[in-house]
Amino acid sequence: MVLPLRALLAGRRRLPRPAARRLCPLSLPLSRRAPLSAPLPAAPPARLRSGQAEAAGGDGAMLRHLARKLRASGPVTVAEYMREALTNPGQGYYTRRGGVGESGDFITSPEISQVFGELIGIWYISEWMAMGKPSTFQLVELGPGRGTLTEDILRVFKQLTSVLSKCDVSVHLVEVSPKLSEIQAVMLTGGKVQPNPEDESAYMKGISKTGIPIFWYRDIQDVPPGYSFYLAHEFFDALPIHKFQRTEKGWREVLVDIDPEVPDQLRFVLSPSRTPATQNFIQPEETRDHVEVCPEAGVIVQRLASRIEKDGGAALVADYGHDGTKTDTFRGFRNHKLHNVLSAPGTADLTADVDFSYLRKMAQGKTATLGPIKQREFLKNMGIDLRLQVLLQNSGDTATREQLLRSYDMLMNPEKMGDCFNFFALLPHHRLVHPDKKDKPESKSPLPPVAGFNELLLK
Ligand code: SAH
């Protein structure tokens, strides 16, 4: 593979990043990651007892809101609980707190090292070139956090202006959190944004510091159609999951309820019978005893695949996850520490490993998929070693060099983020196989391999 890398890898600029603090599921205590072992109580058949939930005010507004809801209509699915806790418009964790970064609850790869975003920027340019340099493309990021990843990508686009000069690029951010969209606006535009532009489906728009138009949306469906490169880094793990437990009586859904013994506490219970979700989401051939499914991730991947099939482009998904093998991965984080998922909802990040086998199934037919491939392999294939060398050579002081090496270790070490984070891509079928290959295999030159998923060859 040949990447248009020389100019970028030679860039001298090093940006300050916080001292890397690790947040990788592999580092969690085993007990938290083990499957639910104790049998869960069955949910009450009808509604909950009255009286106790109103007292559940100690942990704040979200708990009071949930307790009222549970008392009125009975236990809710884990998906509903997670949706409320994370994105409730008034009290949700992302809505109010945001959480990403060193001063928040968890830190992500782009916040650790600029190199991460730079290599992803190169991935898009490489794919854009391989796809015949279309005259326009949209970069669409789902869940941009603080905007750091987009900022690093846009810096690469700026450095490669000569390559991209004839291309009309725009950026489209899908973000539900007003708080985070404000932080993104400051990071990317210096705060010069126009809220509620009349002529757009976006809720905000602005111009990046590098001169590229940026638009904000709450839902991927609001992003205008067109040739697009999609990006979802640590996005799918934040979407609501359903949890299912195999019992002697068959599959039951795990629900969230008020604990009748302790008024201001929530607990898991099992649905007394099968639910529509157990029927729809558990495959007859399933061998695990505990399964998590994220239908919202499935719907979004189907949408991305349809859009790529119709308008062209590609999607890059990076997250921690598995290929349909893991069981109980639901967990919470607060102040960089594990946090009980049912305690003080709305004040902690809730997350579950992404099931890439499910995403692959959802994309099938419409696009081809590549991966999941481990982060350390993907970044190596993208040239991270070379980039590190350039930065090391250009940094004069020992502290900076040590910081560069520490953040490299964090991203690449198999025991840190190197193995548990994965890259996964959706690409048009014709990107991997010539449409007429079957008829005339010898008539076409080979397609360039997809960067990151193949070993790096630098010319
Ligand atoms: N990609 C960033 C942030 C990851 S945190 C990084 O790697 O640093 C998850 C992000 O997804 C946050 O920006 C959060 O507000 C956003 N988010 C969570 N649920 C969402 C939803 N349903 N729709 C749109 N954005 C969502």
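Parameters and conventions
Residues numbered from 1 in each chain as written. Predicted model: local features only at pLDDT ≥ 70, side-chain atom pairs only at ≥ 80, totals over all residues. Heavy atoms only, no water. Helix = DSSP H or I, 4+ residues; strand = E, 2+ residues; numbered from the N terminus. Buried < 20%, exposed > 50% of the residue type's maximum accessible area, 1.4 Å probe, protein only. Contact = heavy atoms within 4.5 Å. Areas by Shrake-Rupley, 256 points an atom, 1.4 Å probe, with all protein chains shown as cover. Pairing = 2+ DSSP bridges. Axes fitted to C-alpha atoms, helices over the stretch in contact; angles between N-to-C directions. Salt bridge = Lys/Arg side-chain N within 4 Å of Asp/Glu carboxyl O. Near = heavy atom within 4 Å. Polar contact = N/O pair within 3.5 Å; in protein donor to acceptor, adjacent residues only side chain to side chain. Nonpolar A, V, L, I, M, F, W, Y, C, P; charged D, E, K, R; others polar. Parallel < 35°, antiparallel > 145°, perpendicular 65-115°, else oblique. Left-handed = near helix turned anticlockwise from the far one by under 90°. Lys, Arg positive; Asp, Glu negative; His and termini not counted. Expected span 1.5 Å × (residues − 1). Arc of directions from axis to C-beta. Phe/Tyr/Trp six-rings, centres within 6.5 Å; stacked < 30°, edge-to-face > 60°. Lys NZ or Arg CZ within 6 Å of the ring centre and 35° of its normal.

A. Broad picture of the overall build of the chain. A count of helices and strands for the chain gives 18 helices and 18 strands. For the chain, buried positions account for 56% of its 459 residues. Sequence separation of 24 or more characterises 75% of the internal contacts of the chain that already satisfy a separation of 6 or more. Put simply, the chain shows about 19600 Å² of open surface, and 52% of that area lies on carbon and sulfur atoms.

B. The arrangement of the sheet that holds strand 15 (residues 349-351) in detail. Read across the open sheet, the three strands follow the order 14-13-15; overall the sheet is antiparallel. Each edge of the open sheet is held by one strand with a lone partner, namely strand 14 (337-339) and strand 15. Averaged over all pairs of adjacent strands, the angle between their axes in this sheet comes to 40 degrees, without regard to strand direction. Of the pairings in the sheet, the one linking strand 13 (residues 331-334) to strand 14 comprises three bridges and is antiparallel in character. Directly across from Gly-332, in strand 14, lies its bridge partner His-339.

C. Quick look at the pattern of salt bridges. Under the definition given, this model contains 20 salt bridges. Here Lys-243 ties to Glu-292 by a salt bridge, and the two come within 2.7 Å at their closest N and O atoms. Placement of Lys-243 in strand 8 (residues 242-247) and of Glu-292 in strand 11 (residues 290-293) is noted, with a sequence separation of 49 residues between them. Arg-360 is the salt-bridge partner of Asp-323, the closest N and O atoms lying 3.1 Å from each other.

D. The site of the ligand, seen in detail. In the vicinity of the ligand there are 19 residues, among which Thr-108, Gly-143, Gly-145, Glu-175 and His-233 approach most closely. Glu-175 is positioned with one of its side-chain polar atoms (N or O) 2.5 Å from an oxygen atom of the ligand. Here the ligand, which alone exposes 570 Å², has 95% of that area covered by the protein. A breakdown of the residues in the shell around the ligand according to their chemical character gives 10 nonpolar, six polar and three charged.

E. Local environment of the packing of helix 7 (residues 114-130) against helix 8 (residues 148-159). The geometry of helix 7 relative to helix 8 is characterised by a closest axis approach of 8 Å and an angle of 55 degrees between their N-to-C directions. Judged on the interaxial angle alone, helix 8 and helix 7 are oblique. Between helix 7 and helix 8 the crossing geometry is right-handed. On the side of helix 7, the interface is formed by Gln-114, Phe-116, Gly-117, Glu-118, Ile-120, Gly-121, Ile-122, Tyr-124 and Ile-125, while helix 8 contributes Leu-149, Asp-152, Ile-153, Arg-155, Val-156 and Phe-157. By residue class, the composition of the contact of helix 7 with helix 8 is nine nonpolar, three polar and three charged.

F. Broad picture of the side chain of Asp-237. By the element assignment, Asp-237 lies in the loop between strand 7 (228-233) and strand 8. Although Asp-237 is buried, it forms no salt bridge, and the closest oppositely charged side chain is Arg-331 at an N-O distance of 6.6 Å. Here Thr-351 takes part through its side chain, which lies 2.8 Å from a polar atom of the side chain of Asp-237.

G. Here's a closer look at the packing of helix 15 (residues 384-394) against helix 16 (residues 398-412). Two elements in contact, helix 15 and helix 16, have axes whose closest approach is 10 Å; the angle formed by their N-to-C orientations is 165 degrees. Overall, the two elements helix 15 and helix 16 adopt an arrangement that is roughly antiparallel. Crossing hand, helix 15 versus helix 16: right-handed. Facing helix 15, whose interface residues are Ile-384, Asp-385, Leu-388, Leu-391 and Leu-392, helix 16 presents Arg-401, Leu-404, Leu-405, Tyr-408, Leu-411 and Met-412.

H. Local environment of helix 16. Counted at 1.5 Å a residue, the expected span for helix 16 with its 15 residues is 21 Å, and the 21 Å between its end C-alpha atoms agrees. Those residues of helix 16 hidden inside the fold are in contact with helix 6 (109-112), helix 7, helix 14 (375-381), helix 15 and helix 17 (414-418).

I. Representation of the side chain of Thr-351 within the structure. With respect to the helices, strands and loops of the structure, Thr-351 is situated in strand 15. A distance of 2.6 Å separates polar atoms of two side chains, one belonging to Thr-351 and the other to Tyr-320. Apart from residues no more than four positions distant in its own chain, Thr-351 is found in contact with Met-82, Asp-237, Tyr-320, Thr-329, Phe-330, Arg-331 and Phe-333.

J. Just helix 10 (residues 178-189), in detail. With 12 residues, helix 10 ought to run about 16 Å at 1.5 Å a step, and its terminal C-alpha atoms sit 16 Å apart, in line with that. Listing the buried residues of helix 10 in full gives Leu-180, Ser-181, Gln-184, Ala-185, Leu-188 and Thr-189. Burial along helix 10 is one-sided: seen end-on, the buried residues are contained in an arc of 145 degrees. Residues Glu-182 and Val-186 are exposed on helix 10 and point more than 90 degrees away from its buried face. Buried residues in helix 10 make contact with helix 5 (93-96), helix 8, strand 3 (168-174), strand 4 (193-195), strand 5 (204-207) and strand 6 (213-217).

K. Structural view of the packing of aromatic side chains. Taken as a whole, this structure holds 13 aromatic pairs when the rule is applied. A centroid spacing of 5.5 Å and a plane angle of 85 degrees characterise the contact between Tyr-227 and Phe-229, whose relative ring orientation is edge-to-face. The class of Phe-229 is buried, set by a relative accessible area of 0%. In this structure an aromatic cluster arises from ring pairing among Trp-123, Tyr-124, Trp-128, Phe-137, Phe-157, Tyr-227 and Phe-229. In this structure, Arg-218 packs its charged tip against the face of Tyr-203, placed 4.1 Å from the ring centre.

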